[in-house]
Amino acid sequence: MTIEGPIDPSAVDRRVADAARAVERGRAELATREGREEARARDVFGPLRDVAGQSMFAALRALEPGPLHAPHRDALLRWVHELLQVRVAWELGLDEADALHAPDPALASPRARDRALASDRGPVLDEGPAATFDEARRALIEAPSANAADVALGRLAELAAPVAAVRKELRARRFEAARRLGLDHPWALATDRGASDLEALARAVLDATEPLARELHKDARRRGAPVRAGTPAGSAAAFVADGFARDAEEGWPARLGARWLEDVFRELAPRAPRVAKLPTARGGASFLRAAHQWGFALRLGAVARSLPFALARDPYPVEAFVVGGALAAAVAGRPFAKRKLGLPARGADAHARALARVLFATLRTSAATLLAGVRDPVREDELEELTARLFGAPLPRDLAAAWALGGFAGSARVDAPARFVAAVRTHGVARGLVDRFDEDWFDNPRAGAHLASIGAGPPWQGDVPDAEVTRDIARSFEEALG
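Residues numbered from 1 in each chain as written. Predicted model: local features only at pLDDT ≥ 70, side-chain atom pairs only at ≥ 80, totals over all residues. Heavy atoms only, no water.

## Quick word on the overall build of the chain
To be explicit about the condition: Secondary structure is summarised from DSSP: a helix means a run of H or I of at least four residues, a strand means a run of E of at least two, and numbering begins at the N terminus for each. Throughout, radius of gyration means the C-alpha value; the globule benchmark is 2.2 Å times the number of residues raised to the power 0.38. Exposure is judged per residue with a 1.4 Å probe applied to protein chains only, and the accessible area is read against the type maximum: over 50% gives exposed, under 20% gives buried, and values in between give partly exposed. Residue contacts are counted whenever heavy atoms from the two residues lie within 4.5 Å of one another. Only the protein chains shown count as cover for residues, with accessible areas throughout obtained via the Shrake-Rupley method and a probe of 1.4 Å. In this tally Asp and Glu are treated as negative and Lys and Arg as positive; neither His nor the chain ends contributes. Charge positions are represented by NZ for Lys, CZ for Arg, CG for Asp and CD for Glu.
Per the secondary structure count, the chain includes 21 helices and zero strands. In terms of C-alpha radius of gyration, the chain reaches 23 Å, essentially the compact-globule figure of 23 Å for 482 residues. For the chain, with 482 residues in total, the buried portion stands at 52%. Looking at the chain alone, contacts between residues at least 24 apart form 78% of all its contacts between residues at least 6 apart. Summed over all atoms, the accessible surface of the chain reaches about 22,600 Å², with 51% contributed by carbon and sulfur. Between the centroid of the 68 positive side chains of the chain and the centroid of its 67 negative side chains there is a distance of 2 Å.

In structure tokens form, the structure reads like this:
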């Protein structure tokens, strides 16, 4: 489709909003086979295809809106780019969902299933091995120990090849679509700098934190249940199991719900934001993730209602991730453990140490995810080195490829640059809140008013931190965990 004549950014904004909501509804259908069949039978964009096309992107790029309206034009460019990416790869996205839920053909016959049930599968023996990649992923999340995580990772490795194959096609399609738009990388619009600057910062994060990571990998193996020798996942299972922080078990409520978050952050936000489904409480890390979701929603909820959709709901909402990260850091700290969980000094110290490990692993995971997505195709030797640095042992080839191209949970995140930049920036923002409002800033109405005042603007922020900040971040974690 060719755009003729001048375009009205306000009208485009309304159509972009409608298209974004249509995509959200379409993706929600992919969890079930019936939903995927319905999604294949219709055009998710329908009459909104114009805002997911090359002509609209070119027309927006040709606009000269002036400094006042340039941020809106740039936000529309980011949205049109991402909507186009969704449109041209929609069928592959359906293929990926099918691959995640496809049953293992080896379990089709009763004899094959009997052999699988008789194999050494540890705690899943009673129910048999996971039949799909998604089931194995859920088994990994629910694994109560390193041994159980090892079993789940081994099963993921066995089921990873079809998932990795379709994700490779998705990655190639994404790079090709960006090239056709005249962009040098799919992340060219995510920040004010190029993908090479993001890559340099991610490598700086991994390098600066590498010595401490090696020590923590050893410590996780010592503390966790010993994994079976020669298993596909090896010591990577200890890293995964440790990431749930099940040893930070004191003081939490029996159930993780929105009411608890509203209560502990009441002084920070008297009017609580609406939060989507929260994670099930499986360890201290679940409460950090919930606090992150709550902070993310708080930041988006503070955006001025007068802002157009494209500015208020950016595809790369760095600032919302930063606020989420700051609240997660607060929940992980000693002051929160004492003030909100009622823990004594020794319990608060153990709480802070266990959850600092989670924050450390999250930062390194965001850096590794960024590096895994920066090039197409991903070289196997680079991927082996990257997964070894992150997990403490290289993942099997197909599983490493599936992880690099979309993680264990689902489709590759287009917001990986925003998540990574926010993870780096969170350290300084959290420290600034402590300096300004004291260590219990999360319980201070003045901090809430401050966050509300700065949160009225767009959630996109294009600055990329300088690599020098990684030394301070590494030193801070060394003091907390060394």
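## Some remarks on unusual backbone geometry
Across the junction of Asp376 and Pro377, the peptide omega takes the value -5 degrees, indicating a cis bond. With respect to the helices and strands, the residue Pro377 is situated in the loop between α16 (345–372) and α17 (380–391). The phi angle at Ala245 is positive, at roughly 50 degrees, despite the residue not being glycine. Along the chain, the position of Ala245 falls in the loop between α10 (236–242) and α11 (258–264).

## Considerations on the environment of Ala285
Locating Ala285 in the fold gives a position in helix α12 (residues 284–301). Distance in space between the C-alpha atoms of Ala285 and Gly194 is 32 Å, their sequence separation being 91 residues. Non-local contacts of Ala285, meaning those with residues more than four positions away in its chain, are made with Gly243, Phe244, Ala245, Leu355 and Val358.

## Quick word on the packing of aromatic side chains
Selection rule: Only centres within 6.5 Å qualify two rings of Phe, Tyr or Trp (six-membered ring in Trp) as a pair; their planes then separate them into stacked at under 30 degrees, edge-to-face at over 60, and tilted for everything else. The rule is short: NZ of Lys or CZ of Arg within 6 Å of the ring centre and within 35 degrees of the ring normal puts a charge over the ring.
Within this structure, the stated rule accounts for twelve aromatic pairs. Taking the centre distance of 5.3 Å and the plane angle of 40 degrees together, the rings of Trp79 and Phe309 count as tilted. Here the residue Trp79 occupies a position in helix α4 (residues 70–88), and Phe309 occupies one in helix α13 (residues 309–312), the gap between them amounting to 230 residues. Residues Trp79 and Phe309 agree in their burial class; the two are buried. What links up through ring pairs into an aromatic cluster is the set Trp252, Trp260, Phe265, Phe287, Trp294, Phe336 and Phe442. Taking the ring centre of Trp460 as reference, the NZ or CZ of Arg78 above it sits at 4.0 Å. Over the aromatic face of Phe244 sits the side chain of Arg246, whose NZ or CZ is 4.6 Å from the ring centroid.

## A short note on the nonpolar core
Inclusion rule: To define a nonpolar core, start from buried Ala, Val, Leu, Ile, Met, Phe, Trp, Tyr and Cys residues and group those joined through side-chain atoms within 4.5 Å.
Counting 77 residues, the largest nonpolar core has Phe133, Leu153, Phe391, Leu399, Trp403 and Phe408 as its most contacted members. Of all the elements, helix α8 (residues 146–180) adds the most residues to this core, at 13 residues. Residues contacting Phe408, with those up to four places away along its chain left out, are Phe133, Arg137, Leu140, Leu153, Leu156, Phe391, Leu395, Leu399 and Trp403. Listed in part, the 38 residues of the second largest apolar core include Leu256, Leu268, Phe287 and Leu298.

## What about the packing of α12 against α16?
Put simply, the rule is: Angles run from 0 to 180 degrees between N-to-C directions of axes, and those axes are lines fitted to C-alpha atoms, restricted for helices to the stretch in contact. Put simply, angles under 35 degrees are roughly parallel, angles over 145 are roughly antiparallel, angles from 65 to 115 are roughly perpendicular, and the rest are oblique. Each helix crossing is assigned a hand: it is left-handed if the near helix lies turned anticlockwise from the far helix by less than a right angle, otherwise right-handed if that turn is clockwise. Under this grouping Gly is polar, as are all residues other than the nonpolar Ala, Val, Leu, Ile, Met, Phe, Trp, Tyr, Cys and Pro and the charged Asp, Glu, Lys and Arg.
Where α12 contacts α16, the two axes come as close as 10 Å, and the packing angle between them is 60 degrees. Classed by the angle they form, the pair α12 and α16 counts as oblique. Judged by the twist between their axes, the crossing of α12 over α16 is right-handed. Across the interface between the two elements, Gly284, Ala285 and Leu288 from α12 touch Leu355, Val358 and Leu359 from α16. For the contact of α12 with α16, a count of residues per class yields five nonpolar, one polar and no charged.

## With respect to the pattern of salt bridges
Test applied: A side-chain nitrogen of Lys or Arg and a carboxyl oxygen of Asp or Glu constitute a salt bridge if their distance falls within 4 Å.
Summed over the entire model, instances satisfying the criterion amount to 40 salt bridges. Where Asp95 meets Arg40, a salt bridge forms, and the shortest distance between an N and an O atom there is 2.8 Å. Remark: Arg40 occurs in helix α2 (residues 33–41) and Asp95 occurs in helix α5 (residues 90–101); sequence separation between them is 55 residues. We note a salt bridge from Asp263 to Arg266, for which the minimum N-O separation is 3.8 Å. The exposure class of Asp263 is partly exposed, given its relative accessible area of 44%. Residue classification places Arg266 among the partly exposed positions, given a relative accessible area of 43%. Overlapping salt bridges bring together Arg36, Arg40, Glu91, Asp95 and Asp98 as one network.

## Section: the environment of Leu307
Note on placement: Leu307 falls in the loop between α12 and α13. A relative accessible area of 23% means that Leu307 is categorised as partly exposed. C-alpha separation for the pair Leu307 and Ala456, spaced 149 residues apart in sequence, amounts to 9.1 Å. Not counting residues within four places of it along the chain, the set of residues in contact with Leu307 comprises Ala312, Ala456, Gly457 and Pro458.

## Details of the confidence of the model for the chain
Which entries qualify depends on this criterion: The score called pLDDT rates the predictor's confidence residue by residue, from a low of 0 to a high of 100.
When the pLDDT values of the chain are averaged, the result is 89; 91% of them are 70 or greater. Considering only residues more than four positions removed or in separate chains, one finds that residues 115–126, a stretch of pLDDT under 50, has 16 contacts. Throughout residues 225–233 the model reports pLDDT below 50, and contacts reaching past four residues in sequence, or to other chains, amount to 20 contacts.

## Description of helix α21 (residues 469–481)
Stated formally: By definition here, a helix of n residues has an expected span of 1.5 Å times n minus one. What the arc describes is the spread of directions from the helix axis to the C-beta atoms.
Spanning 13 residues, α21 covers 19 Å between terminal C-alpha atoms, matching the ideal 18 Å at 1.5 Å per step. Of all the positions in α21, only Thr470, Ile473, Ala474, Phe477 and Leu481 are classed as buried. Looking straight down α21, one finds that the buried residues subtend no more than 95 degrees of arc, so they occupy a single side. The outward face of α21, more than 90 degrees from its buried face, is lined by the exposed residues Arg471 and Glu479.

## Things to note about helix α7 (residues 133–142)
Of the residues making up α7, those classed as buried are Phe133, Asp134, Ala136, Arg137 and Leu140. The buried residues of α7 all sit within an arc of 160 degrees when viewed along its axis, so they share a single face. Close packing links the buried residues of α7 with α5, α8, α10 and α18 (397–404).

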